[in-house]
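Topology and contacts: notes
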Amino acid sequence: MHDDLSKLSVMVIDGGSYVALARRLGREFGKVYYHNPAWLKPFPTLNEQYIGKGFPEIEVVESAEPYRDSIDLWYFPDTFSGTTQVALAQAGKRVWGSRTLQELELDRSVLKETLADVGLPVNPYESVHGLTALREYLQEHDDRYVKMDGRFRGHGETFRVRTYTEAKPKLDELAYELGPVAEIIDFMIESPLKRKVEVGTDTYCIDGKYPALISCGCEVKDRGYVMQMRPVSEIPPALWRVNEKLAPLFAKGKFRGAFSTEVRLGTDGKPFLIDPCMRWGSPPNELLQELWLNLGEISYAGAGGELVDPVCAAPYGAQLVLTSPWAEHHWLAVNYPSQYERFVKLRNACRIDGTTYVIPQTPGIAEVGSVIGYGDTLEEAIAMCREVADSISGLDLHAPYDAFDAAAEELAKSAAMGVEVLA
């Protein structure tokens, strides 16, 4: 471990989702460079090139190559760069990231096979080749979940098909978007799980080892998140079983990065891992950036194979996801008081002449970032989060306050089953 992070440099490789994380690292390290490879295409636009510019904590660079020999920590908060990470690590560089274990998130079949290999339950599934075969299957089977390869989330997330008639417009849209490729890609189809609650852990893993304190929480999909930092010994056993079973695989693959789980638990207590996040999850990375006071130390030491436990500002946290339909296709100016700077976490952001903007990307996404809060109780954390959200303004900008009510209902159901996610 290095005694003075302020003398070290970091290269963050990111497509725009983790600008706030790069800025956070800039508060501990001496120099943080930010490179967005998304702009490297035949006809780049300012929309890609301007992400991250104007923030004093980071310096945006067009290429990481000139800095290859001088960077102290290579930081990959997202997936898609596994082979690059491995090459850098083999060259003796410190690398934070999932390496080739990113495939657990990106390749649905690899995940299913891995879960079976390590002794975790697997939800029954079927695979079909091509959109025509998918249509035929859904005409004969109601109420199914359809998933595409995780590499192509730009065409849509997992979607539920209750009846073929309801889903036909979605399938027609996919046919239009994908063109001839629609008939040569695979789709995974799952039956709905008879579950009672959906909970998860958010943490990091260094060569198969987890920190002593883990974020245990409940996400309301695309709306919000509540959590508590808990000792490993207090994590519900059914939930922690997933982390334990995957640890040997992480050790073998030299996994050194962030890791999140979405686990569905039924009355039989079986933990079904729905979607692992082999990167910084969103939520709650935005919250953990400020909750973990020693994020820089965790990252630098972890990239070198040394596990450092988090030092927490508070035991409880809350997060709300900000959305703006306007931002899907237009630049969005976001205003908020300077005292809340650390608690407003925006994606694809830049700052021009003192104004902070969220820059539209392709495909258009309404989610523009999050606001966070923490405290000695969950009530304090929620109150802080709401206070920050109340201070923000932007065209058609919304914070879903009712997400906290939905989370409370899910936590109550979990507690009734004997699974205490939050104490």
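Structure first, text after, so check above.
Anyway, here's the lowdown on the structure attached to this text. Here the structure is a predicted model, which is why all the values come from computation and not from measurement. (Residues numbered from 1 in each chain as written. Predicted model: local features only at pLDDT ≥ 70, side-chain atom pairs only at ≥ 80, totals over all residues. Heavy atoms only, no water.)

**Quick word on the nonpolar core**
Convention followed: Among buried residues, the Ala, Val, Leu, Ile, Met, Phe, Trp, Tyr and Cys ones that are joined through side-chain atoms within 4.5 Å form a nonpolar core. Working definition: with a 1.4 Å probe on protein chains only, accessible area under 20% of the residue-type maximum means buried, over 50% means exposed, and in between means partly exposed. Starting at the N terminus, helices and strands are each numbered in turn, a helix being any DSSP run of H or I of at least four residues and a strand any DSSP run of E of at least two.
Judged by nonpolar contacts, the single largest core of 98 residues is most densely connected at Phe29, Tyr75, Trp96, Phe250, Trp280, Trp292 and Val371. Residue contributions to this core peak at 7 residues, all from helix α11 (residues 378–390).

**Some words on the sheet that holds strand β5 (residues 95–96)**
Where we set the bar: Only strands that DSSP links by at least two bridges are regarded as paired with each other.
The sheet built from 5 strands is open, its strands ordered β3-β2-β1-β4-β5 with parallel pairing. For this open sheet the edge positions go to β3 (59–60) and β5, each flanked by a neighbour on one side alone.

**Quick word on the packing of helix α6 (residues 131–140) against helix α7 (residues 164–178)**
This is how it is decided: All axes here are fitted lines through C-alpha atoms, helices being fitted over the stretch that makes contact, and every angle between N-to-C directions spans 0 to 180 degrees. With respect to orientation, any angle under 35 degrees is reported as roughly parallel, any angle over 145 as roughly antiparallel, any angle of 65 to 115 as roughly perpendicular, and every other angle as oblique. In what follows, a contact means two residues having at least one pair of non-hydrogen atoms within 4.5 Å. Each residue is assigned to one class: nonpolar for Ala, Val, Leu, Ile, Met, Phe, Trp, Tyr, Cys and Pro, charged for Asp, Glu, Lys and Arg, and polar for all the others, Gly among them.
Viewed as axis vectors pointing N to C, α6 and α7 meet at an angle of 175°, and their least axial separation amounts to 11 Å. With respect to α7, the axis of α6 lies roughly antiparallel. Facing α6, whose interface residues are Leu131, Leu134, Arg135, Leu138 and Gln139, α7 presents Tyr164, Lys168, Leu171, Asp172, Leu174 and Ala175. Along the lines of polarity and charge, the residues of the contact of α6 with α7 split into 7 nonpolar, 1 polar and 3 charged.

**Brief notes about the pattern of salt bridges**
Side-chain pairs of opposite charge can arise where the charged atoms are in close proximity. Convention followed: A pairing counts as a salt bridge when a side-chain nitrogen of Lys or Arg comes within 4 Å of a carboxyl oxygen of Asp or Glu.
This structure, assessed with the given rule, holds 23 salt bridges. Taking the shortest distance from any N to any O, the salt bridge between Glu198 and Arg264 comes out at 2.7 Å. Highlighted residues: Glu198 in strand β10 (residues 197–206) and Arg264 in strand β14 (residues 263–265), separated in sequence by 66 residues. On the basis of relative accessibility, which here comes to 17%, the residue Arg264 falls in the buried class. Its salt-bridge partner being Asp402, residue Arg223 comes within 3.0 Å of it at the nearest N-O pair. Of the two residues, Arg223 sits in the loop between β11 (213–220) and β12 (224–231) while Asp402 sits in the loop between α11 and α12 (403–416), which places them 179 residues apart along the sequence. Residue class for Arg223 comes out partly exposed when judged on its relative accessible area of 27%. Ionic contacts of the salt-bridge type, sharing partners, join the residues Arg108, Lys112, Lys147, Glu190 and Asp275 into one network.

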